[in-house]
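# Structural characterization, general
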Amino acid sequence: MKTATVRERKGSMQRRRTVHLGMLRRFLAATIFSLVVTSFFFVHVHVSPSPTDHKFNDKIPSFHDLQSWTRELAPPLLSMVPLSVSKLKDSRKDSDYEKLWKPPPNHGFIPCTKPTPNYTTPARSRGYLSVHTNGGLNQMRTGICDMVAIARIINATLVIPELDKKSFWHDTSIFSDIFDEEWFISSLANDIKIIKKLPKKLVNATKIVMQFKSWSGMDYYENEIAALWDNFKVIRASKSDSRLANNNLPPDIQKLRCRACYEALRFSPQIEKMGKKLVERMRSFGPYIALHLRYEKDMLAFSGCTHELSTAEAEQLRIIRESTTYWKRKYINPIEERSKGFCPLTPKEVGIFLTALGYPSKAPIYIAAGEIYGGESHMTDLRSRYPLLMSKEKLASIEELEPFSSHASQMAALDYIVSVESDVFVHSYPGNMAKAVEGHRRFLGSGRTISPDR
């Protein structure tokens, strides 16, 4: 009896184990099947674009290709899928990414160019202000804005300014080659009168040619300069840069400067069109950095900065500096200049700086600069950190750039447009272009601007 009972219990336990084991097997099989189905739906399939979808050609390198700074004959088309925002995050936290690319808050500041209620139409002109600008594109640009304000202060008719053709760049461009002349004249019609040329009867008239005192205020122009109208019909300013004080001016004069700089001084239609093409081509890679890499021959020769240059290169720059008559400083101690923070960052240092800030190696960078001194030899380290280095020569064909390539100021205007429109703007030296672009971006309230403490 007892034996039979034990056997029944053992048989019952075996049946229960068999049932539980079968259920476990069926559960595991269902789980594995669901995982297979789920993974099937989440597989990423990469589809290469067809040749007809290309926007650029093989001139744009992949991340493992070395780039050349020499121009190529083929028009640029795309050889890689544009980088998406998610790819640029490079496995960083979203918060870090937002800090790197998102524009900072404007703290309630907005453009303020509208005249005050007391602002009147131009008073009767007392004479003509003729201007010879000096310097590169952005130095001339700010000088022109000052001359617009000065013409208003002294009740002058402004003659379209003559651009500098004798400086280091020897650019033969005239005003209408770089700026939209008709728009400049019409947009400032309620502020000052502007004409393209002096009237023929005054071409040979006695005129006074002078350099206005640097950083001068209202009293200087209202009294000393305006008094010249008693003896002259034409006043010619032989220089345009830094002739007007930055502060302690009437609000309407400051607003006029802003209107001239950010509204009236549009680039010529052909430059605007090409600049927008370059911006669109950079945008095809996603958010991008515009780097004003001030490492051209003229900058290094002028500043006397020779860090990481060879003895032969340093000697070449010294000869350029000493032979340029209008550069006053001839002997410069490069070590002392660098210790004081007066030298531009080298391309290598810029790469270290951007990496330290957290920008991923896949970040597209537009090099806003002329020909980099030393070429490829000085770009190797920066390129090893950021392979996707672009420039106008990389993004556009020789045929597209041909109308501008012989004119340094027009090429600089293209860089200016791409820099103002960039997601992030970084400069290696706070020169005229860096300040102009930073100011324009602040005026527009767009983008992040980074100014390294050298």
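Everything that follows concerns the structure shown earlier in this document.
Below, the structure is looked at part by part. In this text the structure is predicted, and so the values were computed from the model without any measurement. (Residues numbered from 1 in each chain as written. Predicted model: local features only at pLDDT ≥ 70, side-chain atom pairs only at ≥ 80, totals over all residues. Heavy atoms only, no water.)

### Quick notes on the packing of helix 10 (residues 269-283) against helix 18 (residues 408-420)
- With their axes 9 Å apart at the nearest point, helix 10 and helix 18 run at an angle of 45° to one another. The pairing of helix 10 with helix 18 is recorded here as oblique in orientation. Remark: the crossing between helix 10 and helix 18 carries right-handed chirality. Within the contact between the two elements, helix 10 uses Ile271, Glu272, Met274, Gly275, Lys276, Leu278, Val279 and Met282 and helix 18 uses Gln410, Ala413, Leu414, Ile417 and Val418.
- Tallied by class, residues from the contact of helix 10 with helix 18 come to nine nonpolar, two polar and two charged. (Axes fitted to C-alpha atoms, helices over the stretch in contact; angles between N-to-C directions. Helix = DSSP H or I, 4+ residues; strand = E, 2+ residues; numbered from the N terminus. Parallel < 35°, antiparallel > 145°, perpendicular 65-115°, else oblique. Left-handed = near helix turned anticlockwise from the far one by under 90°. Contact = heavy atoms within 4.5 Å. Nonpolar A, V, L, I, M, F, W, Y, C, P; charged D, E, K, R; others polar.)

### Description of the pattern of salt bridges
- Evaluated as defined, the whole model comprises 20 salt bridges.
- Between glutamate 182 and lysine 196 there is a salt bridge, with its nearest N and O atoms 2.4 Å apart. Placement of glutamate 182 in helix 6 (residues 181-187) and of lysine 196 in the loop between strand 3 (194-195) and helix 7 (200-203) is noted, with a sequence separation of 14 residues between them.
- Judged by relative accessible area, which is 42%, lysine 196 ranks as partly exposed.
- Between glutamate 322 and arginine 318 there is a salt bridge whose closest N-O contact spans 2.8 Å. Taken as a pair, glutamate 322 and arginine 318 lie in helix 12 (residues 311-323) at a separation of four residues, close to a single helical turn.
- Take arginine 318: its relative accessible area is 30%, and that puts it in the partly exposed class.
- Beyond isolated ion pairs, a larger network of salt bridges with shared partners links Glu181, Glu182 and Lys196. (Salt bridge = Lys/Arg side-chain N within 4 Å of Asp/Glu carboxyl O. Buried < 20%, exposed > 50% of the residue type's maximum accessible area, 1.4 Å probe, protein only.)

### Considerations on the sheet that holds strand 5 (residues 234-237)
- Strand order in the open sheet formed by five strands is 3-2-1-5-4, and the pairing between neighbours is parallel. Where the open sheet ends on each side, the last strands, each with one partner, are strand 3 and strand 4 (207-210). (Pairing = 2+ DSSP bridges.)

### Here we look at the packing of aromatic side chains
- Under the definition given, this model contains nine aromatic pairs.
- Here the aromatic rings of tyrosine 262 and phenylalanine 443 are separated by 4.5 Å at their centres, their planes lie at 25°, and the arrangement is stacked. Of this pair, tyrosine 262 sits in helix 9 (residues 251-264) while phenylalanine 443 sits in helix 19 (residues 432-444); the two residues are 181 residues apart in sequence, bridging distant segments of the chain.
- Judged by its relative accessible area of 23%, tyrosine 262 falls in the partly exposed class.
- A relative accessible area of 16% places phenylalanine 443 in the buried class.
- Ring geometry for phenylalanine 267 against tyrosine 416: centres 5.6 Å apart, planes inclined by 75°, an arrangement best described as edge-to-face. Of this pair, phenylalanine 267 sits in the loop between helix 9 and helix 10 while tyrosine 416 sits in helix 18, and the two are 149 residues apart along the sequence. For the residue pair phenylalanine 267 and tyrosine 416, the accessibility class agrees, reading buried in each case.
- An aromatic cluster is defined as three or more aromatic residues linked by ring pairs; in this entry it consists of Phe175, Phe179, Phe184, Phe267 and Tyr416.
- Directly above the ring of tyrosine 119 sits arginine 259, whose terminal nitrogen or CZ lies 5.5 Å from the centroid.
- Above the plane of the ring of tryptophan 183 lies arginine 266, whose end atom (NZ or CZ) is 3.7 Å from the centre. (Phe/Tyr/Trp six-rings, centres within 6.5 Å; stacked < 30°, edge-to-face > 60°. Lys NZ or Arg CZ within 6 Å of the ring centre and 35° of its normal.)

### Observations regarding the state of the cysteines
- Scanning the model with the defined rule gives one disulfide in all.
- For cysteine 305, the disulfide goes to cysteine 343, at an S-S distance of 2.0 Å. The sign of the -90° torsion about the S-S bond sets the cysteine 305-cysteine 343 disulfide as left-handed. Separated by 38 residues along the polypeptide, cysteine 305 in the loop between helix 11 (297-303) and helix 12 and cysteine 343 in the loop between helix 13 (334-339) and helix 14 (347-357) bring together distant segments of the chain. Across the pair, exposure class does not vary: cysteine 305 and cysteine 343 are buried alike.
- Take cysteine 145: it sits in no disulfide, and the sulfur closest to it among the cysteines is that of cysteine 261, at 3.8 Å. (Disulfide = S-S within 2.5 Å.)

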